[in-house]
Amino acid sequence: AEQSGVKNMNLGNDKALWLLFLVPAVLAPVYAWCFWRKAQALKALASHEMLARINNTVSLNKQVFKAFLLVLAFVLIVLALTEPKWNPQPQQIRRQGRDVAILLDTSRSMLAEDIKPNRLERSKIAISDLLEVLKGDRVAIVTFAGNATVKCPLTQDYAFVRMVLADISTESTSRGGTMIGDAIRKAVDEVFDRQSREYKDLILITDGEDHDSFPVEAAQKAAEEGIRIIAIGLGDDSTGSRIPITGPDGQTTFLKYQGQEVWSRLDSDTLREVAYATEGGKYLSVAPGTTMDLGQIYDNLIASAARRELESVTMMKYDEKFQIFVAFAIGLLICEALLSERKKTTSV
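Residues numbered from 1 in each chain as written. Predicted model: local features only at pLDDT ≥ 70, side-chain atom pairs only at ≥ 80, totals over all residues. Heavy atoms only, no water.

Draft legend 1. Looking closely at the nonpolar core. Residues I102, I203, I205, I232, L234, M292 and L294 are the most contacted members of the largest nonpolar core, which totals 31 residues. Elements supplying a minimum of two residues to this core: strand 3 (99-105), helix 4 (119-133), strand 4 (138-144), helix 5 (158-166), strand 6 (200-206), strand 7 (227-234) and helix 9 (294-302). By residue number, the principal contributor to this core is helix 4, which donates five residues. The contact partners of I232, leaving out residues within four places of it in the chain, are I203, L204, I205, T206, L271, L284, V286, M292, L294 and I297. In terms of nonpolar packing, the next biggest core, distinct from the first, is built from 28 residues, V142, A187, A222 and L266 among them. (Core = buried A, V, L, I, M, F, W, Y, C linked by side-chain atoms within 4.5 Å. Buried < 20%, exposed > 50% of the residue type's maximum accessible area, 1.4 Å probe, protein only. Helix = DSSP H or I, 4+ residues; strand = E, 2+ residues; numbered from the N terminus. Contact = heavy atoms within 4.5 Å.)

Draft legend 2. Region of interest: the packing of helix 4 against helix 5. One can describe the packing of helix 4 onto helix 5 by two numbers: an axis separation of 11 Å at closest approach and a directional angle of 175°. Judged by the angle between their axes, helix 4 and helix 5 are roughly antiparallel. Residues K124, I127, S128, L131 and E132 of helix 4 pack against Y158, V161, R162, L165 and A166 of helix 5. Per-class residue counts for the contact of helix 4 with helix 5 are six nonpolar, one polar and three charged. (Axes fitted to C-alpha atoms, helices over the stretch in contact; angles between N-to-C directions. Parallel < 35°, antiparallel > 145°, perpendicular 65-115°, else oblique. Nonpolar A, V, L, I, M, F, W, Y, C, P; charged D, E, K, R; others polar.)

Draft legend 3. Here's a closer look at the packing of helix 3 (residues 60-81) against helix 10 (residues 322-338). One way to put it is that helix 3 packs onto helix 10 with a least axis distance of 8 Å and a crossing angle of 165°. What the angle tells us is that helix 3 and helix 10 run roughly antiparallel. Seen along the crossing, helix 3 lies across helix 10 with a hand that is left-handed. Residues K66, L69, L70, L72, A73, L76, I77, L79 and A80 of helix 3 form the contact with helix 10, whose participating residues are F322, F325, V326, F328, A329, L332, L333, C335 and E336. (Left-handed = near helix turned anticlockwise from the far one by under 90°.)

Draft legend 4. Molecular detail of the sheet that holds strand 3. Strand order in the open sheet made by the six strands is 5-4-3-6-7-14, with mixed pairing throughout. Looking at strand neighbours, the two that pair on one side only are strand 5 (148-155) and strand 14 (282-286), the edges of this open sheet. Adjacent strand axes in the sheet meet at a mean angle of 15°, parallel and antiparallel pairs treated alike. Pairing of strand 4 with strand 5 involves five bridges; the strand directions are antiparallel. Paired with V142 across the strands is V150, a residue of strand 5. The strands touched by helix 9 within the sheet are strand 3, strand 6, strand 7 and strand 14, with strand 7 carrying the most contacts at an inclination of about 150°. (Pairing = 2+ DSSP bridges.)

Draft legend 5. Representation of helix 10 in the model. An ideal rise of 1.5 Å per residue puts 24 Å on 17 residues; helix 10 measures up with 25 Å between its terminal C-alpha atoms. Taken as a whole, helix 10 has its buried residues at F325, A329, L332 and E336. Buried residues of helix 10 fall within an arc of 60° about the axis and therefore sit on the same side. What points out from helix 10, more than 90 degrees from its buried face, is the exposed set A337 and L338. (Expected span 1.5 Å × (residues − 1). Arc of directions from axis to C-beta.)

Draft legend 6. Up close: the side chain of N118. As for its position among the elements, N118 is in the loop between strand 3 and helix 4. Given the relative accessible area of 12%, N118 is considered buried. Within the structure, N118 has its side chain in polar contact with the backbone nitrogen of E121 (distance 2.8 Å). Residue contacts for N118: discarding those within four places in its chain leaves M110, L111, A112 and E113. (Polar contact = N/O pair within 3.5 Å; in protein donor to acceptor, adjacent residues only side chain to side chain.)

Draft legend 7. Broad picture of the environment of N147. For N147, the position within the fold is in the loop between strand 4 and strand 5. We classify N147 as partly exposed; its relative accessible area is 21%.

Draft legend 8. Summary view of a nonpolar patch on the surface. Together, L19, L22, V26, V30, I77 and L81 line one region of the surface with nonpolar side chains, adding up to about 440 Å² of accessible area. Of all the secondary-structure elements, those providing two or more residues to the nonpolar patch are helix 1 (22-45) and helix 3. In terms of residue count, helix 1 provides more of the nonpolar patch than any other element does, three residues in total. Checked against the element boundaries, L81 lands in helix 3. (Patch = residues over 30% accessible without salt bridge, like charges linked within 9 Å, V, L, I, M, F, W, Y side chains within 5 Å. Areas by Shrake-Rupley, 256 points an atom, 1.4 Å probe, with all protein chains shown as cover. Salt bridge = Lys/Arg side-chain N within 4 Å of Asp/Glu carboxyl O.)

Draft legend 9. Quick peek at the pattern of salt bridges. The full count for this structure, using the stated rule, is 14 salt bridges. The salt bridge involving R119 is made with D114; its shortest N-O contact spans 2.8 Å. The class of R119 is buried, set by a relative accessible area of 0%. Residue D182 is joined to R185 by a salt bridge in which the shortest nitrogen-to-oxygen separation is 2.9 Å. Remark: R185 and D182 occur in helix 6 (residues 180-191); sequence separation between them is three residues, near one turn of the helix. Linked by salt bridges that have partners in common, R98, D201 and R228 make up one network.

Draft legend 10. Summary view of the pairing of strand 7. With eight of eight residues buried, strand 7 is to be regarded as a mostly interior element. Alternating residues of strand 7 divide into I227, I229, A231 and G233 and R228, I230, I232 and L234, and every residue in both groups is buried. Two strands pair when backbone bridges link them, and strand 6 and strand 7 are joined in this way by seven bridges, in the parallel orientation. Note that in strand 7 the partner of D201 across the bridge is R228.

And the structure:
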């Protein structure tokens, strides 16, 4: 049996109810003051005999009733603003999307400033822009340098992802180095599930300087799990760029190894092998002076790909009923405008 509409009423904007406090706090005192001022003005302008004659033709009860109609119309408008709704009907909402894991290099070489403001900050900006265009996909973030860490598991809570992203720096991993293979294996083992061999994308953002972590072999294992890798290489593979470091005195110098300045160069060959080891994999290079548009990459490679049902949620759909209160309020305002304040006259 259906439940009554009153029991199933829902307010979409219950904060509007606070406006009802204006009735006792403002409207009632204002009307009382207006009636008092009107009486004082009549006493000042008319003699006692004239005042008696005027009051004999005007109905105080009708004046009060007209004020009551206006206040009641205001209350009905406030109730309409609360967006009342009832007659709930269950409605199933299916969300479709892909699982996207972002592997972000946080090694010190990502501080190189050949891509402004530096490789790491440019990557974080691009990831933030990507979150603006995601279409229901679940996203995870894994940071890596000498080791890999899952900073954010797969989620559709993009606000949480942004919060995690804001805290990422070169201090996000405890060991130096660049272990691309370890990051890929971490994503395969701890981020993606085994429910399906499809609908999984791994976006690898790095300068590609790997330290013997066997990234190609890791990519081949990812391919066996149905994971596609989109590798994005930062920097150039010829000249490279120095790595700035800030000392305790605030002065900026450049990282040195055995007395020689370290120049970080892009290893594009390794990244190509990593990407093309997976079915549909893609390698993209972001050279100095070029833009890094993950939103465009998403539209071209991910949004158009096959998607699976990530979750099915049953929600209650209500019938909007604010129109009823608006109609009654308009009716009361019309009645107030048409109602005369004068007493009925009877012929003798």
